[in-house]
Amino acid sequence: MEKTTGKTSMLEFLKLVGQLKRVPRTGWVYRNVKNPESVSDHMYRMAMMSLTITDPTVDKDKCIKLALVHDMAECIVGDIAPSDNISKAEKHRREEEAMRHLSGLLPEGLKQEMYGLWEEYESQSSAEARLVKQFDLLEMILQAHEYEELEETPGRLQEFFDSTNGRFHHPDVLQLVSSLNKERGRHMTDFKDAEKSQSADAGSDQPHTTSHNS
């Protein structure tokens, strides 16, 4: 059998991670969101959040790398959601196995870095990993808000917001969450006002009947 070359292995790696463009985020699929985002869509905006962070006490480059790696295993195992009834231990085992395969396709130095980044995120063992976890949750609720706007169904995805209660701590993230909640609140109010206006207009269009005394 022909020995696999380094370039062939790298091509296989890139093809595998390319699958992330075709793996939809399970939470949106289960909530019947039209055209749900892919895992790579999610990770891209997390990477942009990492790029734009202003905190000088964290390693911005490491945050970007963590954002790009943290869900990489899903190109093999898929996006496992809590409602799939798979234990955290089993989910971790599957993803660990996938990451060993993926990182094993890379040259030794890259192999160690890639797997190490994934482990760091999983164990939440650094300030950067904990910040990127907050970006993960922030990106989720920002996407939920955008779906509510697109579908004109304000409040429909409230459960995603509820699941993040008490999980944001970084000042920059807290400011973004506050801005998001204010915008979402205005959107919900505007939608309710529009519904009331439409209801009132519909009522005024009803024909009036005049009663005549005999």
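These numbers come from a predicted model, not from an experiment.

## Examining the UniProt feature "domain: HD/PDEase" (unreviewed entry) in the protein chain
Here is step 1 of the chain: Cross-referencing UniProt, the feature "domain: HD/PDEase" (unreviewed entry) maps to residues 35-150 in the present numbering.
Here is step 2 of the chain: The span residues 35-150 is 72% helix and 0% strand, and its two end C-alpha atoms sit 11 Å from each other.

## Here's the deal with the environment of Lys60
Here is step 1 of the chain: Looking at where Lys60 falls in the secondary structure, it is placed in helix α4 (residues 60-69).
Here is step 2 of the chain: Residue classification places Lys60 among the partly exposed residues on the basis of a relative accessible area of 33%.
Here is step 3 of the chain: Spatially, the C-alpha atom of Lys60 lies 28 Å from that of Arg22, the residues being 38 residues apart in sequence.
Here is step 4 of the chain: With sequence-adjacent residues up to four places away left out, Lys60 is seen in contact with Ser50, Leu51 and Ile53.
Here is step 5 of the chain: Polar side-chain contacts of Lys60 include one of 3.4 Å to the backbone oxygen of Ile53.

## Some points on the packing of aromatic side chains
Two aromatic rings, taken as a pair, are described by how far apart their centres are and by the angle between their planes.
Here is step 1 of the chain: A complete count under the given rule lists three aromatic pairs for this structure.
Here is step 2 of the chain: Centre to centre, the rings of Trp28 and Tyr147 are 5.2 Å apart; their planes meet at 75°, and the pair counts as edge-to-face. Of this pair, Trp28 sits in helix α2 (residues 26-30) while Tyr147 sits in helix α8 (residues 127-151), placing them 119 residues apart in sequence. Here the two residues Trp28 and Tyr147 agree in accessibility, since each one is buried.
Here is step 3 of the chain: Ring centres of Trp28 and Phe160 lie 4.5 Å apart, and the angle between their planes is 40°; on these two criteria the pair is classed as tilted.

Calculation notes
- Residues numbered from 1 in each chain as written.
- Predicted model: local features only at pLDDT ≥ 70, side-chain atom pairs only at ≥ 80, totals over all residues.
- Heavy atoms only, no water.
- UniProt positions renumbered as here; feature names shortened; annotations may be inferred.
- Helix = DSSP H or I, 4+ residues; strand = E, 2+ residues; numbered from the N terminus.
- Buried < 20%, exposed > 50% of the residue type's maximum accessible area, 1.4 Å probe, protein only.
- Contact = heavy atoms within 4.5 Å.
- Polar contact = N/O pair within 3.5 Å; in protein donor to acceptor, adjacent residues only side chain to side chain.
- Phe/Tyr/Trp six-rings, centres within 6.5 Å; stacked < 30°, edge-to-face > 60°.

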